[in-house]
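As a plain string of letters, each chain reads:
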Amino acid sequence: MNKIYFTITGTCHKFGQEFFKPNMKVELIKEPDNEYDKEAIRVEMEGLGPVGYVANSSFTVLGESMSAGRLYDKIGDTAEGTVMYVLPKGILCALDQKDAGEK
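Residues numbered from 1 in each chain as written. Predicted model: local features only at pLDDT ≥ 70, side-chain atom pairs only at ≥ 80, totals over all residues. Heavy atoms only, no water.

- For the protein chain, an unreviewed UniProt entry supplies the name DNA-binding protein and the organism Candidatus Pseudoramibacter fermentans.

Following this line, the structure appears as structure tokens:
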């Protein structure tokens, strides 16, 4: 199965991104009631809660990332990911294989 990548954005509205390190785990949680984006996927970390969102714009996705809209139907209500790279314009993550293709 091919890896699925996603970008975390919006960290500036929470705790910033300086503390993110490769191999950290994140939880993805769908927000179907989000008033701004019906395909919003919130990103949380244990002990911190919300830390950002999966990017949902061609201007904010990095590299081979999927936007939240493309990822939305590929996961269940929640999923897990692993931080790969911390970059100036976002955090690139990989969807954990056990969650890939889940609905």
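After that view, the rundown keeps rolling.
Comments concerning the UniProt feature "domain: HIRAN" (unreviewed entry) in the protein chain
Move 1: Per the UniProt record, "domain: HIRAN" (unreviewed entry) is annotated on residues 3-85.
Move 2: Spanning residues 3-85, this segment combines 5% helix with 36% strand, and its end C-alpha atoms are found 15 Å apart. (UniProt positions renumbered as here; feature names shortened; annotations may be inferred. Helix = DSSP H or I, 4+ residues; strand = E, 2+ residues; numbered from the N terminus.)

Considering the environment of Arg42
Move 1: Among the structural elements, Arg42 can be located in strand E3 (residues 41-45).
Move 2: Under the relative-accessibility criterion, Arg42 is labelled buried at 19%.
Move 3: Distance in space between the C-alpha atoms of Arg42 and Glu31 is 6.7 Å, their sequence separation being 11 residues.
Move 4: When near neighbours in sequence (up to four residues on either side) are disregarded, Arg42 contacts Glu27, Leu28, Ile29, Glu31, Pro50, Gly52 and Tyr53.
Move 5: Only 2.6 Å separates the side chain of Arg42 from the side chain of Glu31, close enough to count as a polar contact. (Buried < 20%, exposed > 50% of the residue type's maximum accessible area, 1.4 Å probe, protein only. Contact = heavy atoms within 4.5 Å. Polar contact = N/O pair within 3.5 Å; in protein donor to acceptor, adjacent residues only side chain to side chain.)

A few points about the nonpolar core
Move 1: Counting residues in hydrophobic clusters, the biggest one holds 21 residues, and the most contacted among them are Phe6, Leu28 and Leu71.
Move 2: Secondary-structure elements contributing two or more residues to this core are strand E1 (5-9), strand E2 (25-30), E3, strand E4 (49-54), helix H1 (68-71), strand E5 (78-87) and strand E6 (90-95).
Move 3: Contact partners of Leu28, with chain neighbours within four places excluded, come to Phe6, Ile41, Arg42, Val43, Val54, Leu71, Asp77, Thr78, Ala79 and Leu95. (Core = buried A, V, L, I, M, F, W, Y, C linked by side-chain atoms within 4.5 Å.)

Comments concerning the pairing of E2
Move 1: With 5 bridges joining them, E2 and E5 adopt antiparallel strand pairing. Bridged to Lys25 within E5 is Thr82.
Move 2: Of the strand pairs in this sheet, E2 and E3 are connected by 4 bridges, and their pairing is antiparallel. When the sheet's bridge partners are listed, Leu28 is paired in E3 with Val43. (Pairing = 2+ DSSP bridges.)

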